[in-house]
Amino acid sequence: MNLKILNLMSYLAKNYNRKRIAFKKGKGSYLFSDKGEKYLDFIQGIAVNSLGHAHPKLIKALNKQSKKLWHVSNSFIIPEGERLAKKIAKNTFADFCMFQNSGAEATEAAIKVARRYFYSIGKPNKNRILCIRNSFHGRTLAAIYASGSKKMTEGFGPKVNGFDHFNFGDHKALKKLITKNTAAVMVETIMGEGGIKVIPDWCLKGLRKLCSKKDVLLILDEVQCGIGRTGDFFAFERAKVKPDIVPIAKGIGGGFPIGAVLMNKKVASGMTAGTHGSTFGGNPLAMQVGNAVFDIISKKSFLNNVKKNSQYFYKELNKIKERYPLIIKCIRGRGFLIGLQLYNNQTDFIKKLMDNKLLTIRAAENVVRILPPLNVKKSELNSALKIISKVCSKY
Ligand SMILES: Cc1ncc(COP(=O)(O)O)c(C=O)c1O
């Protein structure tokens with residue numbers, strides 16, 4: 001494919017600033033370009049390919065299902081979805097699942113579940129959602145206004161009402177903004193696009209307490225930080241809190257588009273027949289892959305391995321930071337959701353990593369986001385460390 005010509009002649013809308021490269025194959029942690037170049041892929045579709053590219057068990061699950069049944073309407077029982085929902089319910093805080101196709105759909109549906117619950121118990125005015133300013137919950141209309149980012153909402157008015165915002169870490173504002181009309185607080189357990197900002201465990205605990213005291217639901221958006229990425233199945237588990245509603249997506253499909261809203265029994269009571277639906281959500285192909293991903297990632301030994309390998313990676317990254325204190329400001333994140341915060345704009349640094357065949361992606365606040373697959377090998381982590389070190393040395 002002649003990428004120069006494609007640049008001039010692409011019939012795709014220009015809403016992405018695409019790099020001039022195409023890939024023809026992926027295997028594990030690696031991507032191969034159509035020019036035969038090999039890249040260490042530490043983006044993995046932005047935390048989507050949780051098990052890397054072309055995992056044999058996922059290929060098998062998809063192939064097997066593709067020969068049996070692709071799609072049936074949600075007006076019928078879908079056994080593969082029943083199986084996945086049961087596994088999630090037996091292994092997590094959730095009592096029920098509602099399958100979608102993407103993260104934004106999952107966060108929108110989470111908002112609907114919260115509002116519908118209060119409506120169903122006779123409190124229809126309790127419908128406002130309190131979010132962190134400049135967070136990221138997706139690109140649908142409600143999700144961009146939930147995110148409270150000027151950049152994302154500019155030109156897309158009229159404003160979708162019903163959202164209030166506080167700044168990350170501003171507990172005073174958070175408390176003040178909770179009113180009798182607040183239905184839920186919705187936050188990312190770890191802010192991904194916002195710069196890999198972790199909500200500390202003590203803070204999550206306090207937030208849970210506050211929500212319970214004020215009769216407000218707690219929605220933890222785990223679209224990016226969930227499904228084993230931090231070394232726990234959900235990032236919030238370490239704080240030993242139980243949210244009411246959790247939107248997930250990305251990692252649960254391992255590359256196949258799946259989203260879901262997980263919820264407890266209390267809030268699920270509002271979601272009676274006809275209150276929500278999705279043509280494709282929970283279709284047999286997606287569910288078969290979701291089951292295969294869940295079976296691998298939910299294993300204690302797998303999660304422990306994520307913890308062990310990521311701790312090694314942080315330790316080594318911190319050594320690089322100490323060697324280059326004028327370049328790297330801090331290393332943040334948890335598990336394999338990693339942010340390398342630079343003193344200066346990160347665009348050039350990311351380009352240099354790519355020139356050295358390591359793919360990473362930006363996040364806010366000068367952060368270089370590093371998202372290896374969860375089953376990354378230690379030797380691949382070492383290759384990445386070598387490249388990061390080399391780029392720092394030439395910076
Ligand atoms: C925390 C969070 N929520 C929601 C979304 C939206 O997901 P999607 O792009 O699948 O709609 C994202 C995507 O990056 C995300 O990181």
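The present account deals with the structure reproduced in this document.

What counts, and where the lines are drawn
- Residues numbered from 1 in each chain as written.
- Predicted model: local features only at pLDDT ≥ 70, side-chain atom pairs only at ≥ 80, totals over all residues.
- Heavy atoms only, no water.
- Near = heavy atom within 4 Å.
- Polar contact = N/O pair within 3.5 Å; in protein donor to acceptor, adjacent residues only side chain to side chain.
- Areas by Shrake-Rupley, 256 points an atom, 1.4 Å probe, with all protein chains shown as cover.
- Nonpolar A, V, L, I, M, F, W, Y, C, P; charged D, E, K, R; others polar.
- 1 Å grid on protein atoms, 1.4 Å probe; cavity = no way out; pocket = protein on both sides within 12 Å on 5 of 7 lines; lining within 4 Å.
- Points joined across faces, edges and corners; volume = space filled by probe spheres on them.
- Helix = DSSP H or I, 4+ residues; strand = E, 2+ residues; numbered from the N terminus.
- Pairing = 2+ DSSP bridges.
- Phe/Tyr/Trp six-rings, centres within 6.5 Å; stacked < 30°, edge-to-face > 60°.
- Buried < 20%, exposed > 50% of the residue type's maximum accessible area, 1.4 Å probe, protein only.
- Contact = heavy atoms within 4.5 Å.
- Axes fitted to C-alpha atoms, helices over the stretch in contact; angles between N-to-C directions.
- Parallel < 35°, antiparallel > 145°, perpendicular 65-115°, else oblique.
- Left-handed = near helix turned anticlockwise from the far one by under 90°.
- Core = buried A, V, L, I, M, F, W, Y, C linked by side-chain atoms within 4.5 Å.

As for the site of the ligand
Here is step 1: Near the ligand you find Ser102, Gly103, Ala104, Phe136, His137, Gly138, Glu188, Glu193, Asp221, Val223, Gln224 and Lys250, and these make up its full shell.
Here is step 2: Contacts to the ligand include aspartate 221, whose side-chain N or O atom sits 2.8 Å from a nitrogen atom.
Here is step 3: Bound to the protein, the ligand loses 82% of the 390 Å² it would expose on its own.
Here is step 4: Of the residues that constitute the shell around the ligand, the class distribution is three nonpolar, five polar and four charged.

A closer look at the layout of surface pockets
Here is step 1: Within this model, the second largest pocket holds a volume of roughly 710 Å³.
Here is step 2: Surrounding the second largest pocket, 27 residues form its lining, Asn74, Glu82, Cys97, Met98 and Phe99 being those nearest its centre.
Here is step 3: Mapped by element, the contributors of at least two residues to the lining of the second largest pocket are α4 (79–91) and β4 (96–100).
Here is step 4: The element contributing the most residues to the lining of the second largest pocket is β4, with five residues.

Examining the sheet that holds strand β2 (residues 30–33)
Here is step 1: The strand order β1-β2-β3-β15 describes an open sheet built from four strands, whose pairing is mixed. Only two strands of the sheet have a single neighbouring strand rather than two, namely β1 (23–27) and β15 (358–359).
Here is step 2: Note: strand β3 (residues 38–41) against β15, two bridges, orientation parallel. In the strand pairing of β15, leucine 40 is matched with leucine 358.

Quick look at the packing of aromatic side chains
Here is step 1: Under the counting rule described, the total for this entry stands at nine aromatic pairs.
Here is step 2: On the numbers, 6.4 Å between centres and 70 degrees between planes, the contact of phenylalanine 93 with phenylalanine 234 is edge-to-face. One end of the pair, phenylalanine 93, is in the loop between α4 and β4; the other, phenylalanine 234, is in the loop between β10 (217–221) and β11 (245–248), and 141 residues separate them in sequence. Here phenylalanine 93 matches phenylalanine 234 in class, with each residue buried.
Here is step 3: The interplanar angle of 65 degrees and the centroid separation of 4.9 Å between the aromatic rings of tyrosine 117 and phenylalanine 118 together place this pair among those described as edge-to-face.

Topic: the environment of threonine 140
Here is step 1: Tracing the sequence through the fold places threonine 140 in the loop between β5 (128–132) and α6 (141–147).
Here is step 2: Residue classification places threonine 140 among the partly exposed residues on the basis of a relative accessible area of 26%.
Here is step 3: Along the primary structure threonine 140 and isoleucine 388 are separated by 248 residues, whereas in three dimensions their C-alpha atoms are 35 Å apart.
Here is step 4: For threonine 140, the contacting residues outside a window of four places in its chain are Ala104 and Glu108.

Let's talk about the packing of helix α13 (residues 347–355) against helix α14 (residues 378–393)
Here is step 1: For the pair α13 and α14, interaxial distance at closest approach is 10 Å and the crossing angle is 125 degrees. When the interaxial angle is binned, α13 and α14 end up oblique. Where α13 crosses over α14, the two elements pack in a sense that is right-handed. Side by side, α13 and α14 meet where Phe349, Lys352 and Leu353 of the first sit next to Ile387, Ile388, Val391 and Cys392 of the second.
Here is step 2: Taken together, the residues of the contact of α13 with α14 sort by class into six nonpolar, no polar and one charged.

Notes on the nonpolar core
A general feature of soluble globular proteins is that nonpolar side chains tend to end up buried together.
Here is step 1: Grouped together as the largest cluster of nonpolar side chains are 81 residues, with contacts concentrated most on Leu262, Phe313, Phe349 and Ile388.
Here is step 2: The contacts of leucine 262, once residues within four sequence positions are left out, are Ile88, Phe93, Ala94, Phe96, Cys97, Phe234, Asp244, Ile245, Val246 and Ile248.
Here is step 3: The next biggest cluster of nonpolar side chains, apart from the first, holds 28 residues, and it includes Ala142, Leu217, Ile219 and Ile245.

Observations regarding the packing of helix α3 (residues 56–66) against helix α11 (residues 284–297)
Here is step 1: Close contact between α3 and α11 brings their axes to 9 Å; oriented N to C, the two are set at 155 degrees. The angle between the axes of α3 and α11 places the two elements in the roughly antiparallel class. The handedness of the crossing between α3 and α11 is right-handed. Judged by residue contacts, Lys57, Leu58, Ala61, Leu62, Gln65 and Ser66 of α3 engage Pro284, Leu285, Gln288, Val289, Ala292, Val293 and Ile296 from α11.
Here is step 2: Looking at side-chain class alone, the contact of α3 with α11 contains nine nonpolar, three polar and one charged residues.

Some details on the pairing of strand β6 (residues 163–166)
Here is step 1: Covered by surrounding structure in β6 are Phe163 and His165 together with Asp164 and Phe166, the residues of both alternating faces.
Here is step 2: Of the strand pairs in this sheet, β5 and β6 are connected by four bridges, and their pairing is parallel. Bridge assignment links cysteine 131 to a residue of β6, and that residue is histidine 165.

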